[in-house]
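Structural overview for review
Listed below are the residues making up each chain.
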Amino acid sequence: MASSEEQTLETAPDVGELTPPNRTLMGPGPSDVNPRVLRAMSTPLVGHLDPSFIEIMNDVQDLLRYTFRTDNQWTIPVSGTGSASMEAAIGNVVEPGDTMLVPTNGYFGGRMASMAERAGGTVVTVDAPWGEPLDPDDVANALAEHDPDVFGFIHAETSTGVVQPDVPELTAAAHDHDALVIADTVTSLGGVELRVDEWGIDVAYSGPQKCLSCPPGASPLTLSDDAMEKVLGRDTDPRSWYLDLSLLEGYWGSDRSYHHTAPITNVYAIREALRLVAEEGIEARWERHRELAGALKAGMEGMGLEMNAPEAYWLPSLNAVRVPDGVDDGDICADLLERYDLEIASGLGDLTGEIFRIGCMGHSARPENVLLVVTALGDSLEVHGADVDPDAGVAACRRALRSL
Ligand SMILES: *Cc1c(COP(=O)(O)O)cnc(C)c1O
């Protein structure tokens, strides 16, 4: 590769053909992509207003409703990553002067707070330690104390491996105070039980590259009629033109008129990824994640490691495993990447250095991957001097897999 000294405007950069390594992705996302999705992405482009594309858009919306378990008319893929659908949700629902109640028990509650502030909202918090879910009583107390306009929570906290139980209880409490509920379902949609309508969630956003196993680029979002009524009745425009849902309605709603050019290839991708969800069946898919992550967990515990979350709020799609004494988490992750082409992640925020984060999402949630991660992690930990029993881990994992 040319050094920056040699680089001039006259010489074109001499870069080789793209040859990314063939990793197994068992981190917090992206997850492995099904070959069918990659094939869909290599099909020809059509225009974003082509009649054939309008049909594709309708398919994606129908499939998203199925996957979210909702009848919401306002169900679209937002152009951009999960953070774009997150900002579309918060930036449209939170108006200047509104108060939003957000959690402090993980990394993504903090991002909710930043976005709500940028939307002109006042942020108040309901607290729980990193690694624990919100307590419904604490949520009820915070709602009574602050009377917020919006309550946001993280259904599947990717930074801690915790699933939020008692969702219907939280939404009922919020509705008692006339607050709209925004749920972050980035690491749960298509992997962990989620019932938007039945659970009374007003707005849910997600991302494609976690349990849907689709490359990042078009991110699911759904809003109830009540939430959309607030969005369409705003006194001031949302600060983002690109993510203004009242404008996006012109494209994804009845008109199908130009707002911005949809990321065609990413829409193809999510259509195929969601078709895979529908073929498998949403409930069977939740069950597969529970079973395969259960085998992963059995392997971890079998070799002597400890899960960070107790069974009651263990998140199958993201397994937080305590780093054993005597090893550096960064060294282990680097070793797995180098020797096994295997990606897992270390902890962040309050759990930096304390946990490994091992995803078990979508197309990555397969027996061969689970066995690989148990085998490779056990090996790497032993090589680095941790007190673990890799063979017992593999045996426990195999037993669990065989019983499925
Ligand atoms: C990954 C993630 C996001 C952000 O999604 P990006 O695609 O990285 O923008 C938001 N919330 C949660 C819980 C996530 O795991």
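For the chain, an unreviewed UniProt entry supplies the name Alanine--glyoxylate aminotransferase family protein and the organism Natronosalvus hydrolyticus. In UniProt, the chain has this text filed under Cofactor (unreviewed entry): "pyridoxal 5'-phosphate". UniProt, in the comment section headed Sequence similarities (unreviewed entry), describes the chain in these words: "Belongs to the class-V pyridoxal-phosphate-dependent aminotransferase family."

**Points about the site of the ligand**
The immediate surroundings of the ligand are formed by T81, G82, S83, F108, R111, A156, T158, D184, V186, T187, Q209 and K210. Residue G82 places a main-chain N or O atom 2.9 Å away from an oxygen atom belonging to the ligand. Between the ligand and the protein, one listed contact pairs an oxygen atom with a side-chain N or O atom of Q209 at 2.7 Å. Elements with a contribution of two residues or more to the shell around the ligand: helix 3 (82–93) and helix 4 (107–118). A breakdown of the residues in the shell around the ligand according to their chemical character gives three nonpolar, six polar and three charged.

**Remarks on the environment of S42**
Its location among the elements puts S42 in the loop between helix 1 (35–41) and helix 2 (51–68). Taking C-alpha positions, S42 is 26 Å from G281, a pair spaced 239 residues apart along the chain.

**Details of the sheet that holds strand 11 (residues 318–322)**
Pairing is antiparallel in the open sheet, where three strands are placed in the order 11-14-13. The sheet is open, and its two borders are formed by strand 11 and strand 13 (345–346), each paired with just one other strand. The pairing of strand 13 with strand 14 (residues 355–359) spans two bridges and is classified as antiparallel. In the sheet register, S346 faces strand 14, and the bridge partner there is F356. The sheet strands contacting helix 11 (residues 329–340) are strand 13 and strand 14, and the helix crosses strand 14 at an angle near 30°.

**Some details on the nonpolar core**
One recurring pattern in soluble globular proteins is that nonpolar side chains are buried together. One finds F151, L221 and L223 to be the most contacted residues of the largest nonpolar core, which totals 81 residues. The dominant element in this core, judged by the number of residues it contributes, is helix 9 (residues 264–280), at nine residues. Non-local contacts of L221, meaning those with residues more than four positions away in its chain, are made with F68, W74, T75, I76, V78, S85, A88, A89, V203, A204, Y205 and L245. Ranked by size, the runner-up nonpolar core spans 34 residues in total, among them A295, L336, C360 and L381.

**A short note on the pairing of strand 8 (residues 180–184)**
Where burial is concerned, most of strand 8 is hidden: five out of the five residues are buried. Burial along strand 8 is two-sided: L180, I182 and D184 facing one way and V181 and A183 facing the other are all buried. Across five bridges, strand 5 (residues 150–154) lies against strand 8 in parallel orientation. Following the sheet pairing, G152 is matched in strand 8 by I182. The pairing of strand 8 with strand 9 (residues 203–205) spans three bridges and is classified as parallel. When the bridges of strand 9 are listed, I182 appears paired with V203.

**Points about helix 7 (residues 225–232)**
Listing the buried residues of helix 7 in full gives A227, M228, K230 and V231. Projected down its long axis, helix 7 carries its buried residues within an arc of 155°, all on one side. Within helix 7, the exposed residues directed more than 90 degrees away from the buried face are D225, E229 and L232. Close packing links the buried residues of helix 7 with strand 2 (74–80), helix 3, strand 8, strand 9, strand 10 (217–223) and helix 8 (245–252).

**Looking at the packing of aromatic side chains**
All chains considered together, the criterion is met by four aromatic pairs. On the numbers, 5.9 Å between centres and 20° between planes, the contact of F151 with F153 is stacked. You'll find F151 and F153 in the same group, each marked buried. Geometrically, the ring pair formed by Y251 and W252 is edge-to-face, given 5.5 Å between the ring centres and 70° between the ring planes. A relative accessible area of 1% means that Y251 is categorised as buried. For W252, a relative accessible area of 8% puts it in the buried group. When the ring centre of W314 is taken as reference, the NZ or CZ atom of K297 above it lies at 4.9 Å.

**Structural notes on the pattern of salt bridges**
In this structure the tally under the stated criterion is 19 salt bridges. Among the salt bridges present, the one from K230 reaches E95, with a minimum N-O distance of 3.8 Å. Of this pair, K230 sits in helix 7 while E95 sits in the loop between helix 3 and strand 3 (99–103), and the two are 135 residues apart along the sequence. With a shortest N-O distance of 3.3 Å, R322 and E354 are connected by a salt bridge. With R322 in strand 11 and E354 in the loop between strand 13 and strand 14, this residue pair connects regions lying 32 residues apart in the sequence. Look at the salt bridges and you will find they share partners, linking R36, E272, R275 and E279 into a network.

Conventions we followed
Residue positions are given per chain, counted from 1 along the sequence in the order it is written. Local features in a predicted model are, by the rule used here, given only for residues with pLDDT of at least 70; side-chain atom pairs are given and counted only at 80 or more, and totals for whole chains, interfaces and linings are based on all residues. Water and hydrogen atoms play no part in the side-chain values, which are based on all heavy atoms of the structure. UniProt positions are given in the numbering used here, feature names are shortened, and annotations may be inferred rather than shown by experiment. The cutoff for a nearby residue is simple: one of its non-hydrogen atoms must lie within 4 Å of the molecule or strand. As used in this structure description, the phrase polar contact means that two N or O atoms lie within 3.5 Å; if the pair is within protein, one of them must be able to donate a hydrogen and the other to accept it, and residues adjacent in sequence are counted only when both atoms belong to side chains. Only DSSP runs of H or I reaching four residues or more are called helices, and only runs of E reaching two or more are called strands; each is numbered from the N terminus. Each residue gets one label: Ala, Val, Leu, Ile, Met, Phe, Trp, Tyr, Cys and Pro are nonpolar, Asp, Glu, Lys and Arg are charged, and the others, such as Gly, are polar. Only when DSSP finds a minimum of two bridges between them are two strands counted as paired. By definition in these notes, contact holds between two residues if any of their heavy atoms fall within 4.5 Å. Axes here refer to lines fitted to C-alpha atoms; in helices the fit is confined to the stretch in contact. Angles between the N-to-C directions go from 0 to 180 degrees. Among buried residues, those of type Ala, Val, Leu, Ile, Met, Phe, Trp, Tyr and Cys that are joined through side-chain atoms within 4.5 Å constitute a nonpolar core. Relative accessible area decides the class of each residue, using a 1.4 Å probe on protein chains only: under 20% of the type maximum gives buried, over 50% gives exposed, and in between gives partly exposed. Here the arc refers to the directions that run from the helix axis out to each C-beta atom. Pairing of aromatic rings covers Phe, Tyr and Trp, the last through its six-membered ring, and needs centres within 6.5 Å; plane angles under 30 degrees mean stacked, over 60 mean edge-to-face, and all others mean tilted. The rule for a charge over a ring is simple: NZ of Lys or CZ of Arg within 6 Å of the ring centre, and within 35 degrees of the ring normal. Definition used for salt bridges: Asp or Glu carboxyl oxygen within 4 Å of a side-chain nitrogen of Lys or Arg.

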